[in-house]
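# Examining the three-dimensional arrangement
Listed below, chain by chain, are the residues.
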Amino acid sequence: MNNRLIYLVVSLVLFCQLPACTTSLKSQRQALHPAIEIRKPDNNFGNPKLSPPEIMARVLKLIDHAHTREDLSEESVQNVLGLYMHPNNQSSDRTIIFSQIISSEWRWSVKNYALEEHRIFDFDFVHPDMITEMTTVCQMDLVQFHNSLLQMGYQHISSVRSGFYRRQYQRGDINIDVSYVGEKNELVMHHCVKAVTVEI
């Protein structure tokens, strides 16, 4: 009887080491950030209307996707974001951009370009006033964004203040710079993401 019990226990332990009984880091990320089925439209008129948390979810998808310079190429960035980005005629380098109005005062903006040997992607919430309440665009706040980066394997390597408060993250050759501000005067300790730069 004891031998049969031992056999059942050992069998159960071995069985629970199969993939069906384990949760990998990838599956944890997928649970936190469900797959976004998107494709790049043929032109900017086909771009979807995206709310602040929706565009930030796509930025996080791009950050998780990024491992090499090719992952921040023009074609790759547009495909992962599911956005058509047009050339910036005011720039001398090969820069592609797109922005979308959120409200009468707010818009979000994305930009992708090369600088010397680096590929860079910029995301920004834009308002005509440098200092203003962030409530309209703060549905995904700094804590949520920070936790998402850690879940993807990024390390928080430094925090500085230069204009805005900023945090730097790193995973391999990918460097992330996150600018953030307090939501408003009464909620100064509730931090909202203002801009994100991805560089490799």
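In short, a report on the structure. Please read all numbers here as calculations on a predicted model, not as lab measurements. (Residues numbered from 1 in each chain as written. Predicted model: local features only at pLDDT ≥ 70, side-chain atom pairs only at ≥ 80, totals over all residues. Heavy atoms only, no water.)

## Structural notes on the overall build of the chain
When helices and strands are counted, the chain shows five helices and eight strands. The helix and strand sequence of the chain, counted from the amino end, reads α-α-α-α-β-β-β-β-α-β-β-β-β. When each of the 200 residues of the chain is scored for burial, the buried share is 38%. A separation threshold of at least 6 residues defines the contact pool for the chain, and within that pool the share at least 24 residues apart is 50%. Within the structure as shown, the chain displays about 12,200 Å² of accessible surface, and the carbon and sulfur contribution to it stands at 53%. (Helix = DSSP H or I, 4+ residues; strand = E, 2+ residues; numbered from the N terminus. Buried < 20%, exposed > 50% of the residue type's maximum accessible area, 1.4 Å probe, protein only. Contact = heavy atoms within 4.5 Å. Areas by Shrake-Rupley, 256 points an atom, 1.4 Å probe, with all protein chains shown as cover.)

## Re the side chain of Asn 112
Within the secondary structure, Asn 112 sits in strand E3 (residues 107-115). A relative accessible area of 0% means that Asn 112 is categorised as buried. Within polar-contact distance, the side chain of Asn 112 engages the backbone oxygen of Leu 72 at 3.2 Å. At 3.0 Å, the side chain of Asn 112 forms a polar contact with the backbone oxygen of Ile 120. (Polar contact = N/O pair within 3.5 Å; in protein donor to acceptor, adjacent residues only side chain to side chain.)

## What about the pattern of salt bridges?
Scanning the entire structure with this criterion turns up three salt bridges. Between Arg 171 and Asp 64 there is a salt bridge, and its shortest N-O distance comes to 3.4 Å. Taken together, the residues span a long stretch of sequence, with Arg 171 in strand E6 (residues 164-171) and Asp 64 in helix H3 (residues 52-65) at a distance of 107 residues. For the pair Arg 171 and Asp 64, a shared accessibility class is recorded, and that class is buried. (Salt bridge = Lys/Arg side-chain N within 4 Å of Asp/Glu carboxyl O.)

## A closer look at the nonpolar core
Core analysis: the biggest nonpolar cluster contains 42 residues, and Ile 63, Trp 108, Phe 121, Phe 123, Phe 145, Leu 149 and Ile 176 have the highest contact counts within it. Secondary structure elements with two or more residues in this core: H3, helix H4 (74-81), strand E2 (96-101), E3, strand E4 (118-126), helix H5 (142-151), strand E7 (174-182) and strand E8 (191-199). For this core, the element with the highest residue contribution is H3, accounting for six residues. Not counting chain neighbours up to four residues away, the residues in contact with Leu 149 comprise Leu 60, Ile 63, Tyr 154, Tyr 169, Ile 176 and Val 178. (Core = buried A, V, L, I, M, F, W, Y, C linked by side-chain atoms within 4.5 Å.)

## Some remarks on the environment of Ala 66
With respect to the helices and strands, the residue Ala 66 is situated in the loop between H3 and H4. Since its relative accessible area comes to 0%, Ala 66 is described here as buried. It is 9.5 Å that separates the C-alpha atoms of Ala 66 and Ser 76, two residues lying ten residues apart in sequence. Excluding its chain neighbours within four sequence positions, the residues that come into contact with Ala 66 are Asp 71, Leu 72, Tyr 154, Arg 171 and Ile 174.

## Some remarks on the packing of aromatic side chains
This model, assessed by the stated rule, comprises three aromatic pairs. With a centroid separation of 4.9 Å and an interplanar angle of 80 degrees, the aromatic rings of Phe 123 and Phe 125 are classed as edge-to-face. Residue Phe 123 shares its accessibility class with Phe 125, and that shared class is buried. Here Tyr 165 and Tyr 180 contribute two aromatic rings whose centre-to-centre distance is 5.8 Å and whose plane-to-plane angle is 25 degrees, an arrangement assigned as stacked. Taken together, the positions of Tyr 165 in strand E6 and Tyr 180 in strand E7 put the pair 15 residues apart, joining distant regions of the chain. (Phe/Tyr/Trp six-rings, centres within 6.5 Å; stacked < 30°, edge-to-face > 60°.)

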